[in-house]
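Secondary and tertiary structure notes
What follows is each chain in one-letter form.
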Amino acid sequence: MQKGELLYEGKAKKVYRTDDPGVYLVEYKDDATAFNGLKKGVISGKGELNNKISAHFFRLLEGKGIATHFVKQVGEREMLVRALEIIPVEVVVRNIAAGSLARRLGMDEGTALPRPVVEYYYKSDELGDPMINDDHIAVLNLATGEEMSAIKKVALSVNEILRSYLTPRNLELVDFKLEFGRHEGKILLGDEISPDTCRFWDTRTKEKLDKDRFRRDLGGVEEAYQEVWRRLVG
Ligand code: 5GP
């Protein structure tokens, strides 16, 4: 598969055309940003680790019947994916209070939620990704009600599949962000599933093994991403 024209460069990934119009090549970068681009850095080895970790999770989910954009891993930091018409809604699922939920609701970080919480954010750098609800999504014409019910159902299934997989590996899935898109009339899970987009805590020590180490200047960022990979395949 030929790597063609650069279609899009985001904060953590580049997307290229290929010789198949229905398939794009995603290249994972070592660049890291946080707080809507205000904090910038480079985490050496991140691109390769996020590519491997995302490919691993996409294979796991496909095996459990979740339709994703993943086609195959083709290089250390590259994967082929189905071309999506991205729905500009970030879908966050939470099991434990952390980050913006802990701040917004005044909960202590680490408080277990009695049931998973699903939230939507409008993907807009200019607006700083504001939280939105089903009515906002309908008014902005971002997705149909039917699409959003399907997306919520898939997001909760992904949560169950990932939690069952991670618990015996001594990783707690605190929360994570998913993105979806349309491909040939179907909704597919897109983007990535990695320590950039999930909060993973060591079940016993509660040590953070994700991008919060970068966001909060905790150090040991690359080591944490490597530890997640080691626990997935070890
Ligand atoms: P929070 O709303 O607490 O900041 O984030 C909740 C979860 O979604 C975290 O796992 C976080 O990594 C993920 N998340 C939310 N928005 C973004 C985003 O714009 N970029 C990335 N990489 N992750 C996000």
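For the structure, check the block above.
I will try to describe carefully the structure that is included in this document. (Residues numbered from 1 in each chain as written. Predicted model: local features only at pLDDT ≥ 70, side-chain atom pairs only at ≥ 80, totals over all residues. Heavy atoms only, no water.)

The relative placement of two aromatic rings is captured by the distance of their centres and the angle of their planes. Counted according to the given criterion, the structure contains two aromatic pairs. Judged by centre distance (6.0 Å) and plane angle (15 degrees), the ring pair of Phe-58 and Phe-70 falls under stacked. Linking Phe-58 in helix α1 (residues 46–63) with Phe-70 in strand β6 (residues 70–75), this pair joins segments that are 12 residues apart in sequence. This pair shows no difference in class: Phe-58 is buried, exactly as Phe-70 is. Positioned over the ring face of Tyr-16 is Lys-3, at 4.5 Å from the centre of the ring. Here the guanidinium or amino end of Arg-169 rests over the ring plane of Tyr-165, the centre of that ring lying 3.7 Å away. (Phe/Tyr/Trp six-rings, centres within 6.5 Å; stacked < 30°, edge-to-face > 60°. Helix = DSSP H or I, 4+ residues; strand = E, 2+ residues; numbered from the N terminus. Buried < 20%, exposed > 50% of the residue type's maximum accessible area, 1.4 Å probe, protein only. Lys NZ or Arg CZ within 6 Å of the ring centre and 35° of its normal.)

Bringing helix α4 (residues 145–166) into the picture now. If you check α4, its first and last C-alpha atoms are 31 Å apart, about what 22 residues at 1.5 Å a residue would give, namely 32 Å. For α4, every residue scored as buried is listed here: Glu-147, Met-148, Ile-151, Ala-155, Val-158, Asn-159, Ile-161, Leu-162, Tyr-165 and Leu-166. (Expected span 1.5 Å × (residues − 1).)

Our focus in this paragraph is the sheet that holds strand β15 (residues 198–202). Spatially, the five strands line up as an open sheet ordered β11-β10-β9-β12-β15, and their pairing is antiparallel. Looking at strand neighbours, the two that pair on one side only are β11 (131–132) and β15, the edges of this open sheet. By the bridge criterion, seven bridges tie strand β9 (residues 89–96) to strand β10 (residues 112–122) in an arrangement that is antiparallel. Bridge assignment links Val-92 to a residue of β10, and that residue is Glu-119. Its contacts with the sheet place α4 against β9, β10, β12 (171–178) and β15, and it is angled at close to 155 degrees to β12. (Pairing = 2+ DSSP bridges. Contact = heavy atoms within 4.5 Å. Axes fitted to C-alpha atoms, helices over the stretch in contact; angles between N-to-C directions.)

The next point concerns unusual backbone geometry. Notably, Phe-35 is not glycine yet its phi reads approximately 55 degrees, a positive angle. Counting through the fold element by element, Phe-35 comes out in the loop between β4 (31–34) and β5 (39–42). For Phe-35, a relative accessible area of 49% gives the class partly exposed. A positive phi angle is found at Asn-36, which is not glycine, with a value near 55 degrees. For Asn-36, the position within the fold is in the loop between β4 and β5.

Moving on: the pairing of β10. Where β10 lies against β11, two bridges are found, and the strand directions are antiparallel. Bridging from a neighbouring strand, Tyr-120 pairs with Ile-132 of β11.

Okay, the sheet that holds strand β7 (residues 78–82) next. Paired through backbone hydrogen bonds, the strands of a sheet run either parallel or antiparallel to each other. Spatial ordering of the open sheet is given by β1-β2-β3-β7-β6, a layout of five strands whose pairing is antiparallel. Strands at the two margins of the open sheet, each flanked by one partner only, are β1 (6–9) and β6. Across this sheet, the average inter-strand angle for adjacent strands is 25 degrees, counted without regard to direction. Where β6 and β7 come together, four bridges link them in antiparallel fashion. Counted as the bridge partner of Lys-72 is Leu-80 from β7. Here α1 sits on the sheet and contacts β3 (23–28), β6 and β7; the angle it forms with β6, its principal contact strand, is near 150 degrees.

This paragraph deals with the site of the ligand. Around the ligand there are 17 residues in total, and Arg-94, Ser-100, Asp-175, Asp-196 and Arg-199 lie nearest to it. Thr-197 is positioned such that a nitrogen or oxygen atom in its backbone is 3.5 Å from an oxygen atom of the ligand. Between the ligand and Arg-199 there is a distance of 2.9 Å, counted from an oxygen atom to a side-chain nitrogen or oxygen. Here the ligand, which alone exposes 500 Å², has 79% of that area covered by the protein. Within the residue set of the shell around the ligand, elements represented by two or more residues are β9, α2 (99–105), β12 and β15. Class assignment of the residues belonging to the shell around the ligand gives a composition of five nonpolar, three polar and nine charged. (Near = heavy atom within 4 Å. Polar contact = N/O pair within 3.5 Å; in protein donor to acceptor, adjacent residues only side chain to side chain. Areas by Shrake-Rupley, 256 points an atom, 1.4 Å probe, with all protein chains shown as cover. Nonpolar A, V, L, I, M, F, W, Y, C, P; charged D, E, K, R; others polar.)

Inspection of the secondary structure puts Lys-29 in the loop between β3 and β4. Owing to a relative accessible area of 10%, Lys-29 belongs among the buried residues under this scheme. In terms of polar contacts, Lys-29 uses its side chain to reach the backbone carbonyl oxygen of Gly-10, at 3.0 Å. Once residues within four sequence positions are removed from consideration, Lys-29 is found in contact with Glu-9, Gly-10, Lys-11, Ala-12, Lys-13, Lys-14, Lys-46, Gly-47 and Arg-77.

Everything listed here is a matter of coordinates, which is why it stays silent on function.
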